[in-house]
Amino acid sequence: MGAHPDDMELEAGGSLAKFAKKGYDVYLLILTSGGYTDINGKTYMDDQLKEEAVQATKILGIKDVIFLDYHTKDLPVNGDVISRVDSLINELRPDIFISHHPFDSHQDHKAAAEIMFAVSRQGRVKNVLSGSTLPYRPNVFAFRPQFFVDITETIDTKINAIRAYKTQYQKFGGEILVEHVESMARHYGWAMGYEYAECFEVIRMDDSIWE
Ligand SMILES: [Zn+2]
């Protein structure tokens, strides 16, 4: 569950592609529609970002992408959004739920983490993970990843999905963004002896994950 289009590709694209390749049904829930005006006055349209999201999810092998269309930069944490995500949890019954970190520097990411905690209450989702979209997004002292996924086989797929977000790719410097994403995956891979890895902070994990 990403606050914005492109969040989960950055945070977990390699893992999502790996799970899809293994035959799991992977769904992407995007809470805001993504359109916004940046600090330089450039406007990104909802439709354009949504279209890019659809392309990216196809690349990753994601089964379906669901948009809840809240306003970017103003994602609420209230009964409305929680009950809408609750209904999706009832319908999809996810084994693993990945979203943002509660100490992320973006208010929408923070809100998404809170929504994740609310809907996964009392074991409704048994495995809950928080990640980081870009380096230093969550407070570096707060983000303590313990769960590492070897994405050596899917790093190229992840990068292709990131390139599919043409507007965001350009905004973050094109191939410079790709270099940062690749370096981050290399950095985390080093910890485990993998070439590339993504990592997550474990909020909750059930032993059925090993079955
Ligand atoms: Zn975001």
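For the structure itself, look to the data block above.
Being a predicted model, the structure only gives us computed values, none of them experimental.

S.K.: So what exactly am I meant to see when it comes to the coordination of the zinc ion here?
M.R.: Note on metal geometry: ideal angles are 109.5 degrees for four donors arranged tetrahedrally and 90 or 180 degrees for six donors arranged octahedrally. In the first shell of the zinc ion, the protein supplies H4 (ND1), D7 (OD), D7 (OD) and H109 (NE2), at 2.1 to 2.4 Å from the metal. Read in sequence order, the donor residues for the zinc ion give the motif H-x2-D-x101-H. In this pair, D7 sits in helix α1 (residues 7–21) while H109 sits in helix α4 (residues 107–119), placing the two residues 102 residues apart along the sequence. Exposure remark for H109: the relative accessible area of 1% places this residue in the buried category.

S.K.: Is there a simple way to explain the pairing of strand β6 (residues 127–130) in this structure?
M.R.: Within a regular strand, the side chains alternate between the two sheet faces. The side-chain alternation of β6 yields two buried faces, one formed by N127 and L129 and the other by V128 and S130. Pairing of strand β5 (residues 96–99) with β6, which is carried by four bridges, proceeds in the parallel orientation. From the neighbouring strand, I98 faces β6, where its bridge partner is L129. As a crossover connection, the stretch from β5 through α4 into β6 is right-handed. The pairing of β6 with strand β8 (residues 197–204) spans three bridges and is classified as antiparallel. In the sheet register, S130 faces β8, and the bridge partner there is E201.

S.K.: Before we go on, may I ask you to explain empty space enclosed by the protein in this structure?
M.R.: Leftover empty space is mapped by rolling, across the atoms, a probe with the size of a water molecule. Applying the stated criterion across every chain yields a total of two cavities of 30 Å³ or more. If you add up the space inside the largest cavity, you get close to 90 Å³. If you trace the largest cavity, you find it lined by L10, E11, S132, K158, V181, M184, A185, Y188, A197, E198 and C199. Take the lining of the largest cavity: its biggest share by element is four residues, from helix α7 (residues 175–192).

S.K.: What's the story with the nonpolar core in this structure? I'm lost.
M.R.: In terms of nonpolar packing, the biggest core is built from 29 residues, with L16, I98 and F200 touching the most fellow members. Of all the secondary-structure elements, those providing two or more residues to this core are α1, β1 (27–32), α2 (46–60), β4 (64–70), β7 (147–150), α5 (155–164) and α7. Take this core: its biggest share by element is five residues, from α1. Once residues within four sequence positions are removed from consideration, L16 is found in contact with M8, V26, L60, I62 and I98. L68, L88, A112 and I115 belong to the second largest nonpolar core, which has 21 residues in total.

S.K.: Whenever I open this one, the environment of P76 confuses me. Can you help?
M.R.: Tracing the chain through its elements places P76 in the loop between β4 and α3 (79–92). By relative accessible area, which is 22% here, P76 ends up partly exposed. On a C-alpha basis, the gap between P76 and L31 in space is 9.8 Å, while along the polypeptide they are 45 residues apart. Apart from residues no more than four positions distant in its own chain, P76 is found in contact with Y70, V81 and I115.

Cut-offs applied
- Residues numbered from 1 in each chain as written.
- Predicted model: local features only at pLDDT ≥ 70, side-chain atom pairs only at ≥ 80, totals over all residues.
- Heavy atoms only, no water.
- Donors = N, O, S within 2.8 Å, 3.2 Å for Na, K, Ca; no water.
- Helix = DSSP H or I, 4+ residues; strand = E, 2+ residues; numbered from the N terminus.
- Buried < 20%, exposed > 50% of the residue type's maximum accessible area, 1.4 Å probe, protein only.
- Pairing = 2+ DSSP bridges.
- Right-handed = clockwise from strand over helix to strand, strands pointing away.
- 1 Å grid on protein atoms, 1.4 Å probe; cavity = no way out; pocket = protein on both sides within 12 Å on 5 of 7 lines; lining within 4 Å.
- Points joined across faces, edges and corners; volume = space filled by probe spheres on them.
- Core = buried A, V, L, I, M, F, W, Y, C linked by side-chain atoms within 4.5 Å.
- Contact = heavy atoms within 4.5 Å.

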